[in-house]
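Overview (structure and organization)
One letter stands for each residue in the lines below.
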Amino acid sequence: MNIESRVQGIFARHFGFDPFLTPERNLRAFNLDSMDSIWLAMAIEDEFSISLSEAESTEIVSASSAVALVKRVLARMAPSDHQPPEFPATLAHC
């Protein structure tokens, strides 16, 4: 399942609508208040096993911004293919 459909599922299960009908539309237009926004950030964290900062949580203003944020956080968490593995200092001198 891709990121968009998983975010869509969060909205459908808990808010009863599909924000992707108008993905750029501000969530306030759907009558979501600040508590709903907090809950949404926590649901996204749970769904994707990520941690959002308070500043990142406030970036979720539309369905498309939620997807973009998840993609950015997941990319940040992904290990880089071109970095050597880190060894404990005690093994570095063996």
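Criteria and thresholds
- Residues numbered from 1 in each chain as written.
- Predicted model: local features only at pLDDT ≥ 70, side-chain atom pairs only at ≥ 80, totals over all residues.
- Heavy atoms only, no water.
- 1 Å grid on protein atoms, 1.4 Å probe; cavity = no way out; pocket = protein on both sides within 12 Å on 5 of 7 lines; lining within 4 Å.
- Points joined across faces, edges and corners; volume = space filled by probe spheres on them.
- Helix = DSSP H or I, 4+ residues; strand = E, 2+ residues; numbered from the N terminus.
- Nonpolar A, V, L, I, M, F, W, Y, C, P; charged D, E, K, R; others polar.
- Salt bridge = Lys/Arg side-chain N within 4 Å of Asp/Glu carboxyl O.
- Buried < 20%, exposed > 50% of the residue type's maximum accessible area, 1.4 Å probe, protein only.
- Core = buried A, V, L, I, M, F, W, Y, C linked by side-chain atoms within 4.5 Å.
- Contact = heavy atoms within 4.5 Å.
- Axes fitted to C-alpha atoms, helices over the stretch in contact; angles between N-to-C directions.
- Parallel < 35°, antiparallel > 145°, perpendicular 65-115°, else oblique.
- Left-handed = near helix turned anticlockwise from the far one by under 90°.

1. Topic: the layout of surface pockets
Volume-wise, the largest pocket comes out at about 210 Å³. What lines the largest pocket is a set of 13 residues, and nearest its centre among them are Arg28, Ser37, Ser57, Thr58 and Ile60. It is helix 2 (residues 34-48) that provides the largest number of residues to the lining of the largest pocket, a total of four residues. Classifying every residue of the lining of the largest pocket gives six nonpolar, five polar and two charged.

2. Regarding the pattern of salt bridges
Oppositely charged side chains can pair when the atoms bearing their charge come close. The final tally for this structure, using the stated rule, is five salt bridges. Measuring nitrogen to oxygen at the nearest pair gives 2.9 Å for the salt bridge that ties Arg6 to Glu47. Here Arg6, found in helix 1 (residues 3-15), pairs with Glu47, found in helix 2; they are 41 residues apart in sequence, far enough to count as distant. Accessibility expressed as a relative area gives 23% for Arg6, which makes it partly exposed. As a salt-bridge pair, Glu56 and Arg76 come within 2.7 Å of each other at their nearest N and O atoms.

3. Some remarks on the nonpolar core
Phe11, Leu40, Ile44, Leu52 and Ile60 are the most contacted members of the largest nonpolar core, which has 22 residues in total. Elements with a minimum of two residues in this core: helix 1, helix 2 and helix 4 (63-77). If near-sequence neighbours (up to four positions away) are discounted, Leu52 is found in contact with Ala41, Ile44, Glu45, Ser57, Ile60, Leu69 and Val73.

4. Here we look at the packing of helix 1 against helix 2
Interhelical geometry of helix 1 versus helix 2 gives an angle of 135° and a closest axis separation of 11 Å. Overall, the two elements helix 1 and helix 2 adopt an arrangement that is oblique. In this structure, helix 1 crosses over helix 2, and the sense of that crossing is right-handed. Of the residues in helix 2, those touching helix 1 at Ile3, Arg6, Val7, Ile10, Phe11, Arg13, His14 and Phe15 are Asp36, Trp39, Leu40, Ala43, Ile44, Glu47 and Phe48.

5. Looking at unusual backbone geometry
The backbone phi angle of Asn31 is positive, close to 65°, even though this residue is not glycine. Judged by its relative accessible area of 70%, Asn31 is exposed. At Ser49, a position not held by glycine, the phi torsion is positive, near 50°. Inspection of the secondary structure assignment puts Ser49 in the loop between helix 2 and helix 3 (54-57). By relative accessible area, which is 59% here, Ser49 ends up exposed.

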